[in-house]
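# Structure assessment
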Amino acid sequence: MDFLKTIAIAASGLRAQSGRMRVLSENIANADSTAPRPDADPFRRRIPTFSTSFDRALDARVVALGKIKTDSSQFRVKYEPGHPSADANGNVKYPNVNPLIEMSDMRDAQRSYEANVNVIGVTRRMIQRTLDILKA
Amino acid sequence: MPISDMPIFSMLRTKMLWHQERQRLLAENVANADTPKFTPRDLVPLNLDQTRAPQGSVTLVRTNPGHIGDSPGGGPPGFRLDRKLDFESRPSGNAVGLEDEMLKVASNAMDYQAATALYTRGLALIKTALGRG
């Protein structure tokens, strides 16, 4: 039945968006994770990507979470001489995570997630209407 | 003669199949709303004169698949993809507008509901004719 395929496509969107939220929440949780040693790097921001693949069984273009890449931008540096991870000059490297960007990205993911949920709800109602013909 | 062969029921059946196919395409668009370089797809509006299977009426014989009226390859069976869809791409190359897609999903569901309601009415009409309404 084609409606079940529709629901499966929307479910692939839900999976991809929730995977994106997982990566974003990792970033937010580690926004202040400094390196264990002065010479090591702190947590590096991770970026989720999406990729479209053709599902033969569904005969449709479904979406999946692609490779999770790392952000190569500069780390934030703060002057904290007493910090255990401070280098010789007293500078501490903090992760290149900006919580504001992560939160707005999270909102975007939430919006896309809700859209997919909405499609599933509408499709379920359409199946219900089809079954209602039997009751007539 | 099966019920689904009666003109009104076969028309409604085609319409319901069209909405089902369109719902699948719209779900694809929404699921890929954040995929780079993805362009949304939609079906051309249903034209029952073209898609209705000729039954007992006089039509020209199609001796070549290129003749008008036959569904071209690539699209879903019987329904053609809308090639003239206009959309705006975002910097990522993605061209799905979630608002537009949600509107289409809602209107698609409403039209489908109208078709099933008409189908139910048609069945009730037959029951009345049988004297069991």
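For clarity, every value in this text was computed on a predicted model and none was experimentally measured.

## Digging into the overall build of chain A
When helices and strands are tallied, chain A shows two helices and six strands. In chain A, the succession of α and β elements from N to C terminus is α-β-β-β-β-β-β-α. The C-alpha atoms of chain A give a radius of gyration of 22 Å, which is well past the 14 Å a tight globule of 136 residues would have. With the principal axes as the frame, chain A shows a C-alpha extent of 80 × 25 × 20 Å.

## As for the environment of Ala109 of chain B
Its place among the elements puts Ala109 of chain B in helix α3 (residues 98-130). Using a count of 20 C-beta atoms within 10 Å as the deciding quantity, one classes Ala109 of chain B as buried. A sequence separation of 87 residues divides Ala109 of chain B from Arg22 of chain B, and the C-alpha atoms of the two residues are 10.0 Å apart. If we ignore the near neighbours within four places in the chain, the residues touching Ala109 of chain B are Val122, Arg125 and Met126 of chain A.

## Some words on the packing of helix α2 (residues 99-135) of chain A against α3 of chain B
Close contact between α2 of chain A and α3 of chain B brings their axes to 9 Å; oriented N to C, the two are set at 5°. If you check the angle between α2 of chain A and α3 of chain B, you find them roughly parallel. Touching Arg111, Ser112, Ala115, Asn118, Val119, Val122, Arg125, Met126, Arg129, Thr130, Asp132 and Ile133 of chain A of α2 of chain A are Leu98, Met102, Val105, Ala106, Ala109, Tyr112, Gln113, Thr116, Tyr119 and Thr120 of chain B, all from α3 of chain B.

## Things to note about α3 of chain B
An ideal rise of 1.5 Å per residue puts 48 Å on 33 residues; α3 of chain B measures up with 48 Å between its terminal C-alpha atoms. Those residues of α3 of chain B lying buried are Glu101, Val105, Asn108, Ala109, Tyr112, Ala115, Thr116 and Tyr119 of chain B. Considering only its buried residues, α3 of chain B is in contact with α2 of chain A together with α1 (7-31) of chain B. A positive backbone phi angle near 85° is found at Gly131 of chain B, which sits one or two residues after α3 of chain B.

## Considerations on the packing of helix α1 (residues 2-29) of chain A against α1 of chain B
With their axes 8 Å apart at the nearest point, α1 of chain A and α1 of chain B run at an angle of 5° to one another. The pairing of α1 of chain A with α1 of chain B is recorded here as roughly parallel in orientation. Across from Asp2, Phe3, Lys5, Thr6, Ile9, Ala10, Ser12 and Gly13 of chain A in α1 of chain A, the residues of α1 of chain B making contact are Gln20, Glu21, Gln23, Arg24, Ala27, Glu28, Val30 and Ala31 of chain B. Among the residues forming the contact of α1 of chain A with α1 of chain B, the class breakdown is six nonpolar, five polar and five charged.

## Some thoughts on the pairing of strand β2 (residues 50-55) of chain A
All names here are of chain A. Pairing of β2 with strand β3 (residues 60-65), which is carried by six bridges, proceeds in the antiparallel orientation. Within β3, the residue paired with Ser51 across the bridge is Ala64. The hairpin turn running from β2 into β3, its antiparallel successor, is four residues long, and Asp59 in that turn takes a positive phi close to 60°.

## Re the confidence of the model for chain B
All names here are of chain B. Taken as a whole, chain B shows an average pLDDT of 81; of its residues, 77% reach a score of 70 or greater. Ranking the elements of chain B by mean pLDDT puts helix α2 (residues 48-51) last with 66 and α3 first with 93. For the stretch residues 54-59, pLDDT sits under 50, and the model shows one contact to residues farther than four places along the chain or on other chains. Note that residues 70-76 has pLDDT below 50 and, in this model, ten contacts with residues that lie over four places away or in other chains.

## So, the interface of chain A and chain B
The interface of chain A with chain B comprises 30 residues on the first partner and 26 residues on the second. Elements that contribute at least two residues to the side of chain A that touches chain B include exactly α1, β2, β3 and α2 of chain A. Looking at the side of chain A that touches chain B element by element, the count peaks at 14 residues for α2 of chain A.

## Here we look at the nonpolar core
One finds Ile9, Ala10 and Val119 of chain A together with Leu26, Ala27, Val30 and Ala31 of chain B to be the most contacted residues of the largest nonpolar core, which totals 30 residues. Those elements that place two or more of their residues in this core are α1, β3 and α2 of chain A together with α1 and α3 of chain B. Per element, the largest residue contribution to this core is eight residues, and it comes from α1 of chain B. When residues no more than four places from it in sequence are discounted, the contact partners of Ala10 of chain A are Asn116, Val119 and Ile120 of chain A together with Ala27, Val30 and Ala31 of chain B.

Parameters at a glance
Residues numbered from 1 in each chain as written. Chains lettered and ligands numbered in written order. Predicted model: local features only at pLDDT ≥ 70, side-chain atom pairs only at ≥ 80, totals over all residues. Helix = DSSP H or I, 4+ residues; strand = E, 2+ residues; numbered from the N terminus. Rg over C-alpha atoms; globule rule 2.2 N^0.38 Å. Buried ≥ 20, exposed ≤ 12 C-beta atoms within 10 Å, placed from the backbone. Contact = placed C-beta atoms within 7 Å. Axes fitted to C-alpha atoms, helices over the stretch in contact; angles between N-to-C directions. Parallel < 35°, antiparallel > 145°, perpendicular 65-115°, else oblique. Expected span 1.5 Å × (residues − 1). Nonpolar A, V, L, I, M, F, W, Y, C, P; charged D, E, K, R; others polar. Pairing = 2+ DSSP bridges. pLDDT = per-residue confidence, 0-100. Core = buried A, V, L, I, M, F, W, Y, C linked by C-beta atoms within 7 Å.

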